[in-house]
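Remarks on the overall topology
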Amino acid sequence: MKSLRDIFKRLPQSGEHRHLLRNFNFAPSIDGKAKSVRVLAEALGFDVVRTPLPRRMAGRLVQDAFAPNGYRIEVNSEQSVTAQRFAVLHEIGHYYLHADHTDPLGAVAYLDRSESSFYADPKEEREANQFAATLLFGDGALEAARSLHGNDVPKLAHYFGVSERTIEIAMKQY
């Protein structure tokens, strides 16, 4: 998954969701601040909750009958804001790529209830990471930011609201 077109192939045909994701990718920063991933998630129908989670768990997708789309994203309140931001996008990826939406009260197929890990399939973890990275950096977003900030990793990290390590990885991939 390297472009929004690749993501859109796996989305429902809802123009509203595509529009929200495209706008997030098109302008990841406004007035010098990274766009809110919480606002994006809520516009897509998720409730977003910051809560203490096991140390290795940055976030998780939880079925919630009271959330507009039937799912809540929980992010680890003990982790950095940049980790929380990426976790929200990662969990949105799980929703679109891996969650079964036919039964809002049914179990998520890949849920590991032991809490030692959330999704049992490392391939799906990579796909959710790629979804988040594509949403942030794909379709020329990283290139455009580099035209403004060059290869200044701290400035790029601030622009996208992610860690410097995430930028270093993205610079190799995009």
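Residues numbered from 1 in each chain as written. Predicted model: local features only at pLDDT ≥ 70, side-chain atom pairs only at ≥ 80, totals over all residues. Heavy atoms only, no water.

Remarks on the nonpolar core
Core analysis: the largest hydrophobic core is formed by 44 residues, its most contacted members being Phe46, Leu89, Ile92, Phe137, Phe160 and Ile167. In terms of residue count, the dominant contributor to this core is helix H4 (residues 81-97) (8 residues). In this view, Phe137 contacts Asn25, Leu142, Phe160, Val162, Thr166, Ile167, Ala170 and Tyr174; residues no more than four positions away in its chain are not counted. (Core = buried A, V, L, I, M, F, W, Y, C linked by side-chain atoms within 4.5 Å. Buried < 20%, exposed > 50% of the residue type's maximum accessible area, 1.4 Å probe, protein only. Helix = DSSP H or I, 4+ residues; strand = E, 2+ residues; numbered from the N terminus. Contact = heavy atoms within 4.5 Å.)

A closer look at the pattern of salt bridges
Within the structure shown, the criterion is met by 9 salt bridges. For Lys9, the salt bridge goes to Asp6, with nearest N and O atoms at 4.0 Å. Assessed through its relative accessible area of 65%, Lys9 is described here as exposed. Look at Asp6 and you get partly exposed, because its relative accessible area is 27%. Between Arg60 and Glu74 there is a salt bridge, with its nearest N and O atoms 2.6 Å apart. Residue Arg60 is located in strand E4 (residues 59-63), and its partner Glu74 is located in strand E5 (residues 71-76); the two are separated by 14 residues in the primary sequence. Here Arg60 falls in the buried class, since its relative accessible area comes to 18%. A relative accessible area of 9% means that Glu74 is categorised as buried. (Salt bridge = Lys/Arg side-chain N within 4 Å of Asp/Glu carboxyl O.)

Overview of the pairing of E4
Most of E4 is tucked away: 4 of the 5 residues are buried. As defined by bridge partners, E4 adjoins E5 across 5 bridges and the pair is classed as antiparallel. For Gln63, the partnering residue across the bridge sits in E5 and is Tyr71. (Pairing = 2+ DSSP bridges.)

Some thoughts on the packing of aromatic side chains
Scanning the entire structure with this criterion turns up 7 aromatic pairs. With a centroid separation of 5.3 Å and an interplanar angle of 75°, the aromatic rings of Tyr71 and Tyr95 are classed as edge-to-face. Here Tyr71 is found in strand E5, whereas its partner Tyr95 is found in helix H4, with 24 residues between them in sequence. A relative accessible area of 2% places Tyr71 in the buried class. An aromatic cluster of three or more residues is present, and its members are Phe46, Tyr71, Tyr95, Tyr96 and Phe131. Geometry around Tyr174 places Lys2 over its ring, the cationic atom sitting 4.9 Å from the centre. (Phe/Tyr/Trp six-rings, centres within 6.5 Å; stacked < 30°, edge-to-face > 60°. Lys NZ or Arg CZ within 6 Å of the ring centre and 35° of its normal.)

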